[in-house]
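An overview of the molecular structure
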Amino acid sequence: MAERTASTTPTKKMLLDSRGGVGPRVTSLLHDGGIGTISKGRLLSSEERLLSRLLSEVFWIADKIGLPRQAAEGAGELARKAVSSKLVKRSRRPAAAALVYLSANNNGLCKSIEEIASAADVPLNQLNREISKLVFGLNLRLKPFNVAALIDKLTRTLELPPTTANTACRIYQSAASSGKISGRKPAAISAAAVYLACRREGVKKPLSTVSEAAGISVLTLRKAIALLESAAGFK
C-alpha cells in the first residue's frame, strides 16, 4: 500500500469556522462533530475510535482527489451511518474510498470508480465490493453516471480542443442509442469515445496516454474501443 503524501488530519483552513475563529467548526469529518464534546482524559469507545480512524481515511482520500467540502462532509455523514449500522467493523481504506465515491456520486461530481481506486491505492474489485455493500446496507441509490461530463474532463486533461469533445460526445450518443454499451464502465467508454474522436480528427494521442489519463489499462481501452466501434456502426 502506498505511503501517504497528505496529512490524515483535517487542515486548519478546512476546520476553522467561517468567521475565521480559533475553534474548530462543526464538521462531519471529526468523530465528535467538531464541537469539542469529548472531554480531556475521557477514553473513547470502540465505535468512536473506529469512526475517528475511518474519517481520517475519508479525509485523506477526499483531500487527495480535490473533493469539495460539501461532498467531503457528505462522506463523513455516510461514515457515521455505516459505523452505526455495523457495516464497517474496522478502519479500512476500501470502505473509506467507497464512502468518498458514494458522496461524490450523490453530489453529481464527475469522479469515476477507477479514479478513486487509483488515488486511494485500493484494488478496483475490492472497491466495487465495498460500494455494493454500502449501497445495499444504507439503502442508497446511485445516480446515473454523466458520461458527457467525463468526456469533457478527459479532453481537458489531454488538452484537446472543444471540437474533439463534441465529436466524442456524438460518438458516445450514437453508440448509446444502440443499447449495446449499457452497464459498461463509464471511464472506459468515455476514454474510447475520446480516442476515436482523436482518430477521426487526425489528432495523434497514443492509447497509453489516453488510458493513463482515464485511469484504466490499455487492454481495457482496446476492448472499449472495439465495443464502441461496433455499437456506433463504424470502423
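Summary of the structure given here. (Residues numbered from 1 in each chain as written. Predicted model: local features only at pLDDT ≥ 70, side-chain atom pairs only at ≥ 80, totals over all residues. Heavy atoms only, no water.)

**Considering the overall build of the protein**
When you go through the protein residue by residue, the secondary structure sums to 11 helices and zero strands. If you list the helices and strands of the protein from N to C, you get α-α-α-α-α-α-α-α-α-α-α. Split into buried and exposed, the 235 residues of the protein put 43% on the buried side. Intrachain contacts of the protein at a sequence separation of at least 6 include 73% that bridge at least 24 residues. (Helix = DSSP H or I, 4+ residues; strand = E, 2+ residues; numbered from the N terminus. Buried < 20%, exposed > 50% of the residue type's maximum accessible area, 1.4 Å probe, protein only. Contact = heavy atoms within 4.5 Å.)

**A look at the packing of helix α10 (residues 207-214) against helix α11 (residues 218-232)**
Between two packed helices, the angle of one axis relative to the other and the distance separating the axes together describe the packing. Where α10 contacts α11, the axes come no closer than 9 Å and their chain directions differ by 100°. Taken together, α10 and α11 sit at an angle that is classed as roughly perpendicular. Across the interface between the two elements, L207, S208, V210 and S211 from α10 touch V218, L221, R222 and I225 from α11. Here the residues of the contact of α10 with α11 sort into five nonpolar, two polar and one charged. (Axes fitted to C-alpha atoms, helices over the stretch in contact; angles between N-to-C directions. Parallel < 35°, antiparallel > 145°, perpendicular 65-115°, else oblique. Nonpolar A, V, L, I, M, F, W, Y, C, P; charged D, E, K, R; others polar.)

**Points about the environment of A98**
With respect to the element layout, A98 can be found in helix α4 (residues 93-106). C-alpha of A98 to C-alpha of S132: the two residues are 34 residues apart in sequence and 8.9 Å apart in space. The residues contacting A98, other than those within four sequence positions of it, are L127, E130, I131 and L134.

**A look at α4**
Given 3.6 residues per helical turn, the α-helix brings residues three or four places apart onto the same face. With 14 residues, α4 extends 20 Å between its outermost C-alpha atoms, agreeing within 8% with the 20 Å of an ideal straight helix rising 1.5 Å per residue. Within α4, 13 of the 14 residues are buried, leaving the element largely enclosed by the surrounding structure. Backbone geometry just downstream of α4 places G108 in the positive-phi region, at approximately 70°. (Expected span 1.5 Å × (residues − 1).)

**Here we look at the pattern of salt bridges**
Counted by the stated rule, this structure contains nine salt bridges. For K86, the salt bridge is made with E47, and the minimal N-O distance between the two is 3.5 Å. With K86 in the loop between α3 (69-84) and α4 and E47 in helix α2 (residues 46-64), this pair connects stretches of sequence that are 39 residues apart. Judged by relative accessible area, which is 54%, K86 ranks as exposed. (Salt bridge = Lys/Arg side-chain N within 4 Å of Asp/Glu carboxyl O.)

**Describing the environment of G76**
Residue position: G76 is located in helix α3. Distance from G76 to V100, taken between C-alpha atoms, is 8.5 Å for residues 24 residues apart in sequence.

**Quick look at helix α8 (residues 162-176)**
With 15 residues, α8 should reach 21 Å at 1.5 Å per residue; the first-to-last C-alpha distance of 21 Å fits that figure. Among all positions in α8, only T164, A165, T167, A168, C169, I171 and A175 are buried. If you follow the buried residues of α8, they end up packed against α7 (147-157), α9 (186-201) and α11.

**A closer look at the side chain of T167**
Looking at the element boundaries, T167 is found in helix α8. For T167, the side chain forms a polar contact with the side chain of E201, separated by 2.6 Å. Apart from residues lying up to four places away in sequence, T167 is in contact with A197, R200 and E201. (Polar contact = N/O pair within 3.5 Å; in protein donor to acceptor, adjacent residues only side chain to side chain.)

**Brief notes about the environment of I189**
Considering the arrangement of structural elements, one finds I189 in helix α9. Sequence separation between I189 and K223 is 34 residues, and the spatial gap between their C-alpha atoms is 9.5 Å.

**Comments concerning the side chain of E114**
Within the secondary structure layout, E114 lies in helix α5 (residues 113-120). Buried charge without a salt bridge: E114, with K185 as the nearest opposite-charge side chain at an N-O distance of 4.4 Å. Dropping the residues within four chain positions of it, E114 is found in contact with L124, K185, A187, A214, G215 and I216. (Lys, Arg positive; Asp, Glu negative; His and termini not counted.)

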